[in-house]
Amino acid sequence: MIGYVTVGVDDLSAAERFYSAFLPALGYALEISSEGLSYVIPAKPGQSGETVDFYVKPPFDGRAASAGNGAMVAFSVPTQAEVRRLHAAGLAHGGRDEGAPGFRAAYGPHFYVGYLRDPQGNKIALYCNNRSEPRRPD
């Protein structure tokens, strides 16, 4: 099981504008510390299992942050409409389009995804794979 994910950034203010545009809608709360930004899903009473925290921080070694080639963090979104809304919010808050929301022929018939780059260049996917949602028109 994944415990947490961290992406490196040089500009915490730009990263906060970008990630705070959509992560709260997915249940994440922001905690700010001297180390950077921590997006956590608060535990609910009776909740079993851990949630995966998402950290946005300057690199520990003090050098410039860089996006990993081929690295991507994907966030599960409940509906296709929400994928579109959150993708647009990310774009409006400093993100770059890396693939408009929609179906991809290479994936399953219900897999609906939009891709973004954060202000640092880290690749982010917002996807819905809800079988109650419309499927890809083949």
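Note: the structure precedes this text.
Presented here is a report on the structure given in the accompanying data block. (Residues numbered from 1 in each chain as written. Predicted model: local features only at pLDDT ≥ 70, side-chain atom pairs only at ≥ 80, totals over all residues. Heavy atoms only, no water.)

Some details on the environment of G121
Stage number 1. You can see G121 is positioned in the loop between β7 (112–117) and β8 (123–128).
Stage number 2. Contact partners of G121, with chain neighbours within four places excluded, come to A67 and R96. (Helix = DSSP H or I, 4+ residues; strand = E, 2+ residues; numbered from the N terminus. Contact = heavy atoms within 4.5 Å.)

Describing the layout of surface pockets
Stage number 1. When its volume is computed, the largest pocket comes out at roughly 180 Å³.
Stage number 2. Residue lining of the largest pocket: I2, V5, L26, Y28, V52, D53, F54, V73, A74, F75 and S76, and that is the complete set.
Stage number 3. Of all elements in the fold, only β4 (53–57) and β5 (72–76) reach the threshold of two or more residues within the lining of the largest pocket. (1 Å grid on protein atoms, 1.4 Å probe; cavity = no way out; pocket = protein on both sides within 12 Å on 5 of 7 lines; lining within 4 Å. Points joined across faces, edges and corners; volume = space filled by probe spheres on them.)

A few points about the pairing of β4
Stage number 1. Counting buried residues in β4 gives five out of five residues, a clear majority hidden from the surface.
Stage number 2. What you see with β4 is no split at all: D53, Y55 and K57 on one side and F54 and V56 on the other are buried throughout.
Stage number 3. In this sheet, β4 lies alongside strand β1 (residues 4–8) in parallel orientation, the contact comprising five bridges. Following the sheet pairing, G8 is matched in β4 by K57. (Buried < 20%, exposed > 50% of the residue type's maximum accessible area, 1.4 Å probe, protein only. Pairing = 2+ DSSP bridges.)

What to know about the pattern of salt bridges
Stage number 1. Under the defined criterion, the tally for this structure stands at five salt bridges.
Stage number 2. Its salt-bridge partner being E35, residue K57 comes within 3.5 Å of it at the nearest N-O pair. With K57 in strand β4 and E35 in the loop between β2 (29–33) and β3 (36–40), this pair connects stretches of sequence that are 22 residues apart.
Stage number 3. Judged by relative accessible area, K57 falls into the buried class, the value being 16%.
Stage number 4. Here R136 ties to D138 by a salt bridge, and the two come within 2.7 Å at their closest N and O atoms. (Salt bridge = Lys/Arg side-chain N within 4 Å of Asp/Glu carboxyl O.)

Section: the sheet that holds β8
Stage number 1. The strand order across the open sheet formed by four strands is β5-β8-β7-β6, and the pairing between neighbours is mixed. Taken across any chain shown, the strands that pair with only one partner, and hence form the sheet edges, are β5 and β6 (96–103). The average angle at which neighbouring strand axes cross in this sheet is 15°, direction not considered.
Stage number 2. Sheet topology places β5 next to β8; five bridges connect them, and they run parallel. (Axes fitted to C-alpha atoms, helices over the stretch in contact; angles between N-to-C directions.)

What to know about the packing of aromatic side chains
Stage number 1. Tallied over the full model, the rule gives 12 aromatic pairs.
Stage number 2. With a centroid separation of 5.3 Å and 20° between ring planes, the pair formed by F111 and Y127 is classed as stacked. Taken together, the residues span a long stretch of sequence, with F111 in the loop between β6 and β7 and Y127 in strand β8 at a distance of 16 residues.
Stage number 3. Among the residues examined, Y127 registers a relative accessible area of 23% and is labelled partly exposed.
Stage number 4. The aromatic ring of Y55 is capped on one face by K57, whose charged end is 5.0 Å from the ring centroid.
Stage number 5. For K123, the ring lying beneath its charged end belongs to Y115, and the centroid distance is 4.9 Å. (Phe/Tyr/Trp six-rings, centres within 6.5 Å; stacked < 30°, edge-to-face > 60°. Lys NZ or Arg CZ within 6 Å of the ring centre and 35° of its normal.)

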